[in-house]
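Listed below, chain by chain, are the residues.
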Amino acid sequence: MGWFNLATQNQNNLKKTLLLLIFTAIFFSAKAQNWAVPGATWHYTINAFTIVGYQKIEKTGSAIVGGKNCDALKLSRYTYDYMTNNYYSYVNYDTIYTYTDSAKVYFYHNNSFRVLYDFNLSVGDTVITQELFSDTIFCNNQDTSIVDTVGTMIINNDTLKFYHLNPFSNNS
């Protein structure tokens, strides 16, 4: 039972960290509907229990979805599992649609748009994150966290806002 709890906790932490890293790094500004520049590609590390590798997200185009001018994104995942000694490649053939409005990033899921990232948050705010690319039945695809820190960093002359989140614990 301890192994399962550790694996579930690691996967939940990974999901939250990956979501935060992806959309902090690729959110350039909220002044326009398109927030991903044409040809943009992002890589980030996966390190969860016995699985290591990277995930790639690339802008492949744009489209009108639900009356919104959206960016079309494609996901690819390349991993190695130390436990099984196998390499895995996964390409999401479904297009992921996102758009921005009022400093919020939205994604299209189950025929509606949901908030993926809200750049209006302040320290102490509660955040509900929704897993965009859930591929496991063992983890809840939604998590609640508290904004611990808000800051900015400069990457390639772009000032990017970031948040540090801590898991929400209800002590009542």
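This text gives an overview of the structure that appears in the document. (Residues numbered from 1 in each chain as written. Predicted model: local features only at pLDDT ≥ 70, side-chain atom pairs only at ≥ 80, totals over all residues. Heavy atoms only, no water.)

A few points about the overall build of the chain
Inference 1: Across its full length, the chain holds one helix and nine strands.
Inference 2: Going from N to C terminus, the chain has its helices and strands arranged as α-β-β-β-β-β-β-β-β-β.
Inference 3: Looking at the 172 residues of the chain, the share that counts as buried comes to 37%.
Inference 4: When contacts within the chain are restricted to residue pairs at least 6 apart in sequence, long-range pairs at least 24 apart make up 42% of them.
Inference 5: Accessible surface for the chain amounts to roughly 10,000 Å². Of this, 51% is attributable to carbon and sulfur atoms. (Helix = DSSP H or I, 4+ residues; strand = E, 2+ residues; numbered from the N terminus. Buried < 20%, exposed > 50% of the residue type's maximum accessible area, 1.4 Å probe, protein only. Contact = heavy atoms within 4.5 Å. Areas by Shrake-Rupley, 256 points an atom, 1.4 Å probe, with all protein chains shown as cover.)

Quick word on the pattern of salt bridges
Inference 1: As enumerated under the stated definition, the model contains three salt bridges in all.
Inference 2: Residue lysine 74 pairs with glutamate 58 through a salt bridge whose shortest N-O separation is 3.8 Å. Residue lysine 74 is located in strand S3 (residues 68–81), and its partner glutamate 58 is located in strand S2 (residues 51–65); the two are separated by 16 residues in the primary sequence.
Inference 3: Judged by its relative accessible area of 31%, lysine 74 falls in the partly exposed class.
Inference 4: One salt bridge in this structure joins lysine 59 and aspartate 71, with 2.7 Å as the shortest N-O distance. A residue pair is termed long-range when its members are at least 10 positions apart, and lysine 59 in strand S2 and aspartate 71 in strand S3 qualify at 12 residues.
Inference 5: Taking relative accessible area as the criterion, aspartate 71 reaches 0% and is therefore assigned buried.
Inference 6: Among the charged side chains, a network of salt bridges with common partners joins Lys56, Glu58 and Lys74. (Salt bridge = Lys/Arg side-chain N within 4 Å of Asp/Glu carboxyl O.)

A word on the pairing of strand S1 (residues 41–48)
Remark: a regular strand shows side chains that alternate across the two faces of the sheet.
Inference 1: Where S1 and S2 come together, eight bridges link them in antiparallel fashion. Opposite histidine 43, over in S2, you have lysine 56 as the bridge partner.
Inference 2: Where S1 hands over to S2, the hairpin turn is made up of two residues, of which phenylalanine 49 adopts a positive phi near 60°. (Pairing = 2+ DSSP bridges.)

Points about the nonpolar core
Inference 1: In this structure, Ala103, Val105, Phe107, Leu116, Tyr117, Phe119, Leu121, Val127, Val147, Tyr163 and Leu165 together form the largest nonpolar core, which totals 11 residues.
Inference 2: Elements represented by at least two residues in this core include exactly strand S5 (104–109), strand S6 (112–118) and strand S9 (158–167).
Inference 3: Grouped together as the second largest cluster of nonpolar side chains are eight residues, Trp42, Tyr44, Ile57 and Leu73 included. (Core = buried A, V, L, I, M, F, W, Y, C linked by side-chain atoms within 4.5 Å.)

Here we look at the environment of arginine 77
Inference 1: Its place among the elements puts arginine 77 in strand S3.
Inference 2: Taking the relative accessible area as the measure of exposure, arginine 77 reaches 14% and is therefore buried.
Inference 3: In sequence terms arginine 77 and lysine 56 are 21 residues apart; their C-alpha atoms lie 6.2 Å from each other.
Inference 4: A distance of 2.6 Å separates a polar atom in the side chain of arginine 77 from a polar atom in the side chain of glutamine 55. (Polar contact = N/O pair within 3.5 Å; in protein donor to acceptor, adjacent residues only side chain to side chain.)

Quick notes on the packing of aromatic side chains
Inference 1: Counted according to the given criterion, the structure contains nine aromatic pairs.
Inference 2: When the centroid spacing of 5.0 Å and the interplanar angle of 90° are considered together, the rings of tyrosine 80 and tyrosine 82 count as edge-to-face.
Inference 3: Among the aromatic residues, those joined into a ring-pair cluster are Tyr99, Tyr106, Tyr108 and Phe113. (Phe/Tyr/Trp six-rings, centres within 6.5 Å; stacked < 30°, edge-to-face > 60°.)

All we've got here are geometric facts, nothing functional implied.
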